[in-house]
Amino acid sequence: NSLEAILIPVRLRMSGLNTTQSLSIYGTFSGMALPLVLFPSTITNAVSVMLLPSVSGAQARGNNRAIQKTIETTLKYCLILGIFSTGLFFCYGPRLGLYLFHSSAAGLFVRILSFICPFLYLDVTLSSILQGLGKTGLCFINNALGVSLRILMVLFAVPSQGIQGYLWGLLASELLCAALDFGALHRYSEICLDAVSWLLKPAAALSIALGSTLFFSAFFRVLKFLPPIAVLGLEMAVCSVFYLAIL
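Residues numbered from 1 in each chain as written. Predicted model: local features only at pLDDT ≥ 70, side-chain atom pairs only at ≥ 80, totals over all residues. Heavy atoms only, no water.

Moving on to the overall build of the protein chain. Scanning the protein chain from N- to C-terminus turns up 11 helices and zero strands. In sequence order, the protein chain lays out its α and β elements as α-α-α-α-α-α-α-α-α-α-α. Whereas a compact globule of 247 residues would reach a radius of gyration of roughly 18 Å, the protein chain reaches 20 Å, a difference of no more than 12%. For the protein chain, the spread of C-alpha atoms along the three principal axes comes to 60 × 45 × 25 Å. Taken across its 247 residues, the protein chain has 45% of its residues classed as buried. Counting contacts in the protein chain only where the partners sit at least 6 residues apart, residues at least 24 apart contribute 77% of the total. As displayed, the protein chain has an accessible area near 12100 Å², and 70% of this comes from carbon and sulfur atoms. A gap of 6 Å separates the mean positions of the 14 positive and 8 negative side-chain charges of the protein chain. (Helix = DSSP H or I, 4+ residues; strand = E, 2+ residues; numbered from the N terminus. Rg over C-alpha atoms; globule rule 2.2 N^0.38 Å. Buried < 20%, exposed > 50% of the residue type's maximum accessible area, 1.4 Å probe, protein only. Contact = heavy atoms within 4.5 Å. Areas by Shrake-Rupley, 256 points an atom, 1.4 Å probe, with all protein chains shown as cover. Lys, Arg positive; Asp, Glu negative; His and termini not counted. Charge placed at Lys NZ, Arg CZ, Asp CG, Glu CD.)

What follows covers unusual backbone geometry. You will see that His 102, though not glycine, has its phi angle at about 55°, which is positive. Among the structural elements, His 102 can be located in the loop between α4 (64-101) and α5 (104-113). The exposure class of His 102 is exposed, given its relative accessible area of 70%.

With that settled, consider a nonpolar patch on the surface. Taken together, the side chains of Phe 90, Phe 115 and Trp 168 make up a nonpolar region of the molecular surface, amounting to roughly 280 Å² of accessible area. The residue Phe 115 is located in the loop between α5 and α6 (117-132) in this model. The class of Phe 115 is partly exposed, set by a relative accessible area of 36%. (Patch = residues over 30% accessible without salt bridge, like charges linked within 9 Å, V, L, I, M, F, W, Y side chains within 5 Å. Salt bridge = Lys/Arg side-chain N within 4 Å of Asp/Glu carboxyl O.)

This is the structure we're talking about:
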């Protein structure tokens, strides 16, 4: 991770930027956009802490059915949260960057980073389950492979594509880690995937919620006494309520 942080500004300079521009872009990404996208992961981080002793206890009792149910429930709710976060950050990312940080670049980064949300949340929780099952060595290998992929993208994609090369590398890294963790758990326990409930229903609920919010946003903009960030907060709150209600 330290090597990655050192290399990004260096490789950004090779893309044609000067030192000031490179550090500015990297600071916008790491100090503004990334923390905003990582904010919902506080929920999954808390869940992952609870999952580890729960899974370890079920394994000690030989209760494979409880482990299977834990994995399936984790997958379901991480995907529900991840799909919602992707839609929210993709639609409202540019305005969040503009209102919170007065930076259109931060908003663009948030929109691109929105696609990592489902895989990021899955990676955190699935890694915790693997550790609870005693597969700590496998977690280390999977994480090392993910970081290695990001470093390769920094070395070869950033000089030609700029910071977007790293953003796509970050997406590929999280996708790889989530896939490796899921594959390891699938070998350990037979997981029943419910694509309708875990993917199609949340995606449909998100589409309806965002569409409904667009209708109400016209009324919110009439409230001239509210600052723009408050109006944005109202729109996101309405979208959240509709999404939960529909699900």
